[in-house]
Amino acid sequence: MKRLKLNEHVPLAEARRSVWQKVDALVEDFLAAKAKCAAGKNPAAKAKLLEVRAKVRELTHRSAELSSVARWCLQVRNEPQLLKLVA
């Protein structure tokens, strides 16, 4: 079995890190907006939730570059509402 050593390919590792950081930041944005929505009616927070969901769908779509990294980040973060978007 031939090993490709993809983790040693610096541009690929950087691209993976970038996708992970984007998804991680989106999860944080989602949690912050969700907390604001729980406190009462907040149209800006509701709009942010919709925006985050759309971006998560985009990054985790099978045709998106490095979508498996985005999906793995969501699984690690374990936010059920966002995980539903991937399933």
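Coordinates for the structure precede this section.
Just so it is clear, the model here is predicted, and its values are computed rather than measured.

1. Topic: the side chain of R71
In step 1: Mapped onto the fold, R71 is located in helix α3 (residues 67-77).
In step 2: One buried charged residue, R71, remains without a salt bridge, the closest side chain of opposite sign being E65 at 13 Å.
In step 3: Apart from residues lying up to four places away in sequence, R71 is in contact with T60, H61, R62 and V86.

2. Some remarks on the packing of helix α1 (residues 10-38) against α3
In step 1: Contact geometry of α1 with α3 gives a least axis separation of 9 Å together with a crossing angle of 45°. With respect to α3, the axis of α1 lies oblique. Here α1 and α3 pass one another in a crossing that is right-handed. Every residue of α3 that contacts α1 at R16, V19, W20, V23, D24, V27, E28 and L31 is listed here: V69, A70, W72, C73, L74, V76 and R77.
In step 2: For the contact of α1 with α3, a count of residues per class yields eleven nonpolar, no polar and four charged.

The rules behind these values
Residues numbered from 1 in each chain as written. Predicted model: local features only at pLDDT ≥ 70, side-chain atom pairs only at ≥ 80, totals over all residues. Heavy atoms only, no water. Helix = DSSP H or I, 4+ residues; strand = E, 2+ residues; numbered from the N terminus. Buried < 20%, exposed > 50% of the residue type's maximum accessible area, 1.4 Å probe, protein only. Lys, Arg positive; Asp, Glu negative; His and termini not counted. Salt bridge = Lys/Arg side-chain N within 4 Å of Asp/Glu carboxyl O. Contact = heavy atoms within 4.5 Å. Axes fitted to C-alpha atoms, helices over the stretch in contact; angles between N-to-C directions. Parallel < 35°, antiparallel > 145°, perpendicular 65-115°, else oblique. Left-handed = near helix turned anticlockwise from the far one by under 90°. Nonpolar A, V, L, I, M, F, W, Y, C, P; charged D, E, K, R; others polar.

Read these as layout, nothing more, since geometry by itself doesn't imply function.
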